[in-house]
Structures are given as structure tokens and as C-alpha cells.
Amino acid sequence: MDETPLEHERRAKALRLRAAGIEPFPWSWPGRVGSGEVRRRAEALAPGAIDPGPSVRVAGRLKALRTHGRTAFADLEDAEGPLQLLLRADEMGEVPYRGWLRDLDPGDILGAEGHPARSNRGEPSVLVAAVTLLAKAIAPPPEKFHGLKDPEERIRRRYLDLIASAESRQRFSARSRIVFEIRRALDEEGFQEVETPILTPVAGGASAEPFVTRSRYLDEELSLRISIELYLKRLLVGGFERVYEIGRCFRNEDGDTTHNPEFSLLELYWAYADYQDMRGLVERLYARLGRLAATLLPDHPEAQAAARDFVPPFPQIDFVEALEARMGRSGLLQTSPEALGRLAREAGARLPPEASPGRCLDKLFEHYVEPTLGRPTFVMDHPALTTPLAKRHRRLPGRVERFEMFYRGFELANAYTELNDPDEQELRFREQVGRGGEDRYAYDADFVAALRHGMPPATGIGIGIDRVVMALTGTPSIKEVILFPQTRRRGEPAP
RNA sequence: GGGCCCGUAGCUCAGCCCGGUAGAGCAGGCGGCUCUUAACCGCAAGGUCAGGGGUUCGAAUCCCCUCGGGCCCGCCA
């Protein structure tokens, strides 16, 4: 890559230091303490005072340097936050002080040793006795005040976004904590996490185009999974009773504000329980997550609202009743496919002529009911037409035992009482495959073979992790909750 | 896949409508300053105006194509 004049200057500084016997990329910085501890010690002091206790060693990225002749203020930042360094010629020695001011740049990784202190203006600081370069930044950081704004650069070079934006760092930390909390909650509920194949001979469990690759060893085509479902159900056949997996799934489709080609899915299966049991689990889980979000993001109105909103029990509405009420008509399930298509198109849905009645019903629900579901709401007992792979409802004809939980326009859970009759499963697979259209599921013969050995009655659920994070943190774009979203290849810097 | 918008210095942005020598701030260079925190003051420097083609005496500016990105729609039950 061509070196900019700026980078030339910075590299020259590194070379100058090395020539003077100072390694610009040293190996370690032992005895380091976090900025948080130093801040706390410094905050106990009066302005202008110096902590008389032992000196401390801190480290972090140099964010800004304000020089005033024989004194200078440096903003250091580590994972715990910012910390000011107070550099003075009389503390450090005239020659080292002048040398470091000449050879340091914003963006450098620094170590500093000195006593906690408070500036005359009261800023918690370290009065530096000695400074050490821990890694020279040859390339400059983003602009100090405006940060990195260009949305393309923020995604392609996420490290720069993270350097510049505490908010971005906080959001991704929140994501980690949310996922950890989900694991902890499920562990306490008695579920065990498993790992099932990502490279699979048949990408099943959902309707989506897979990414396809090839195994040279097997001399076979393999697909990256589009869901986790069919392997977890095999484990129910095998005798595991409460299993889940959180993992990446892949769909070979366009991205947008709510879709990325690779995304994280939680799927969970629970033997000897039904979808009503699952509803309780969802309430307990989201109540925890709402409280967590409020703790993690005390300044985020959306996160605070989540804690108030996710208080069980969440209201339940019946899919058909809610839709009919909103539409002001009845007998939807008895309506002809042609009429359903007409209604859906009247509601603004652009549907292909061959769209199934189930798809029309989904579109109608999307249009009439979903926008009204701002608070956590369970939508119960979908028409069988919309959901071929759930178990038929034990009481309501033409329905299946299914619920979705909606919040702020996001579908945050989709659960069934699972189909476990192998003959019916095979029939439905064959219907889907025969259709050959958009809604096709891949036929997984091995899965049907597994069901023939008996899968206990069970409930299962899928939760899109990325969307959970979006909903809890009030983030409008999936790209802001995925560290490295998919982007088109571009001329990358040469090594 | 369709529509609209964006791409100017390392970063944040003016300039584009209405064509006439490419501008500022930050960062960097040189000089000054012992309490700043978007520090400040002075001086000098920094550009493939995303790329290609066209119109024109003359294009960052107007037109076409390509690349990349964003938003909306479609698709993703």
C-alpha cells in the first residue's frame, strides 16, 4: 500500500526510537492495572494532589495529546475507559519529556508509570514518571471529535469504528453479555448446549437457499446449514431431553437492515413439554434479558423500556381472531385461495400469482396486526396453512400449536409443539418438495428415518440472536450488532 | 431484482443547482506556551475530486457506463 506522508512521519518516529535503543514494538508491560482502579484512587484526592501510595503502571491507546510547553496532558484509553496522563518535564526529565512529545502520536499504544493524581482542574490523572511505547501506530486513528462517520468504513474496518466509538464498543459488549445471559438462563433451566454440523449434506429445517461448497475428501457437495432444527431433533430421538444450540446459520440471500447472509440463531428443543410450557420459558428468559439490558445500557431509553416491557405474563392474542378483528371480517379460514390473494394484494402485498393461501395469510397478518404489536405479545395458534411443520392443534381445527412473540416489530421467538409422526413428516416433506416453488424445504431422508425410531412429544423454538440484540439495545440495523457484516470484496490494502 | 441518494486531503465536511487556478477543521510538520480535556497562538505543507468514457476552449461541477456504500421496495413463511 502506498504510504501517505502522515504514515511516513510516524514510521520515521518508530525508526528514530529504535535507533536510540527503544523498541517501538516491545514484548510486554508487566504489572499493569486498569484505568478504572486508578481513576477511583485519583478521585479520592483533592484537586492538585498526588496519591502518596505506590506508583501504578497503566496502558492503553493514546487518544489525544495537549501540550503546554513544559507540561502536557495525554488522554489514554483502555477497555475500562479514559484516563488522563499528566506529563511534566520536571517529573520525567527534560530530555525524555521532549523526546516523547516528539515521537508520540495519537493512536499509539502506551504504557505509563506514575502516581495517581488529580489535575488542578480536578481531572483524575496519572502524574507520569516514565512513559513507554508499547506499539507504534503507523497509520493514524479516525478524527478525534467526529470519529468515523462513513458507514462503509465503519463496517469494513470495524476496528477503527471501535477505536473511535465508545457507543459501538458498548453495543458489542452488550451483545456478548446478552448471549452469555441466555446461556446462563438456559443452563439454569436444565438445558445443555450441543454442537451440530454446519457443513451438511442437506440444508433443511427452513426454506432458504443455502451456500453450497464441496468436500474434496468426500467428493460430495455440502451445504452450510440454514437452520439447526433437524439435528437437534435427532438428539431428542437419541434420548437428550433438553438441548439447545446457539450458532451461525447461513442463507444465500440479500442483506438489508434486518438480514445478514450469516446470522446467529438459538434453537432449543424440550422433550415431554408443549408450546405452552415453552411460552413460560420465553417469558422467564426475556424478563431476565430486559433487566440485563437496562443494567448494561443505563443511558439507553430503549434498554430501559425493555426492562419495563418484559414483565410476565405477556399478553396473548389469537392469530385468526386478531386478524379478523383488525380486518373487520370473519370466516378467513373458509375463504377461498383466490379471495385471500385478492385481500393480500389489496393490503399492499406484492405476491406472485402462485402464492399459497398460507403465504397470503402471513402477509395479511404482517400488514394488519404486526404493526400494532409494540409491547411483547404472543401470537397464538396459527392457521395450519401457514405452518406446515408444526403439530396440529389439539382442539382448534385448521390450526397448529405455534406461537410467535413480537416486540417493537421484531419477531423474537417462533415456537411449535413439534411434529413427531414420521409418516406425516414424510408426507409434508414430499408436498413441499413437489411444490418446487419458493417455499420448498429440502427432503432429509435420514431425518425421517430418525423419526421412525420415535421422537418424544416435544416443543421447540427458534430465536434470532441478532434481532434480540437489536430490540434490546434499540439498534435499527443488523449491521450495527454484527461485528463484521458481509460486504462486497473491494481492492484491499496490499500486505 | 427495481427505485432513490451518496463517494472531494489519513479523518469530519464545504464547493456541484448556475462549468473558469480545489477550501476549512482535526490529525501530521516547524515554532511558542506548566492545568488542559474538541486546549490555544503563529508559519508552512498535504488532492488520481471513487474509476472510465463523453460534451466543452475549459469539468469536482453537465451526460453515460462501471465499482463501492446507504435507504426504500421485492425476496428471506
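Residues numbered from 1 in each chain as written. Chains lettered and ligands numbered in written order. Predicted model: local features only at pLDDT ≥ 70, side-chain atom pairs only at ≥ 80, totals over all residues. Heavy atoms only, no water.

Peer 1: Just to check I follow, could you spell out the protein's contact with RNA strand B for this structure?
Peer 2: The local shell around RNA strand B holds 51 residues, among which S119, R121, K144, H259 and Y441 are the closest. Per the 4 Å cut-off to the protein, sugar and phosphate atoms form 59% of the nearby atoms of RNA strand B. In this structure, a base nitrogen belonging to RNA strand B sits 3.3 Å away from a side-chain N or O atom of D256. Of all the secondary structure elements, the ones that give two or more residues to the surface near RNA strand B are helix 1 (5-19), strand 1 (56-68), strand 2 (71-78), strand 3 (81-88), helix 5 (151-156) and helix 13 (357-368). Class assignment of the residues belonging to the surface near RNA strand B gives a composition of ten nonpolar, 14 polar and 27 charged. (Near = heavy atom within 4 Å. Polar contact = N/O pair within 3.5 Å; in protein donor to acceptor, adjacent residues only side chain to side chain. Helix = DSSP H or I, 4+ residues; strand = E, 2+ residues; numbered from the N terminus. Nonpolar A, V, L, I, M, F, W, Y, C, P; charged D, E, K, R; others polar.)

Peer 1: Just checking my understanding: could you explain the sheet that holds strand 12 (residues 316-318) for this structure?
Peer 2: Whenever strands of a sheet pair, they do so through backbone hydrogen bonds, lying parallel or antiparallel. Spatially, 6-10-11-16-15-14-13-12 is the arrangement adopted by the eight strands of the open sheet, whose pairing is mixed. Each edge of the open sheet carries a strand with a single partner, namely strand 6 (192-193) and strand 12. Bridge count for strand 10 (residues 242-250) against strand 11 (residues 262-271) is nine bridges, and the pairing is antiparallel. When the sheet's bridge partners are listed, G247 is paired in strand 11 with L265. (Pairing = 2+ DSSP bridges.)

Peer 1: Before we go on, may I ask you to explain helix 2 (residues 35-43) in this structure?
Peer 2: At 3.6 residues per turn, the α-helix brings residues three or four places apart onto the same side. If you check which residues of helix 2 are buried, you get S35, G36, V38 and A42. An end-on view of helix 2 places all buried positions within 160° of arc, on one side of the element. Those residues of helix 2 hidden inside the fold are in contact with strand 1, strand 2, strand 3, strand 4 (109-118) and strand 5 (124-135). (Buried < 20%, exposed > 50% of the residue type's maximum accessible area, 1.4 Å probe, protein only. Arc of directions from axis to C-beta. Contact = heavy atoms within 4.5 Å.)

Peer 1: Hey, could you run me through the domain arrangement of chain A in this one?
Peer 2: Quoted interface sizes are often the accessible area lost when the parts come together. When cut into domains, chain A gives domain 1 (5-141) and domain 2 (163-315 + 375-480). When each unit is reduced to the centre of its C-alpha atoms, the spacing between domain 1 and domain 2 is 48 Å. (Domains from an automatic or database assignment.)

Peer 1: How should the packing of aromatic side chains be read in this particular structure?
Peer 2: Each aromatic ring pair is specified by the distance between its two centres and by the angle formed by the two planes. Taken as a whole and assessed by the stated rule, the structure comprises eight aromatic pairs. Each ring, one from F310 and one from F314, has its centre 5.7 Å from the other, and the planes form 55°; the classification is tilted. Each member of the pair, F310 as well as F314, is classed as buried. For the ring pair F314 and F378, a centre distance of 5.6 Å and an interplane angle of 20° mean the geometry is stacked. Remark: F378 occurs in strand 13 (residues 377-380) and F314 occurs in the loop between helix 10 (301-309) and strand 12; sequence separation between them is 64 residues. (Phe/Tyr/Trp six-rings, centres within 6.5 Å; stacked < 30°, edge-to-face > 60°.)

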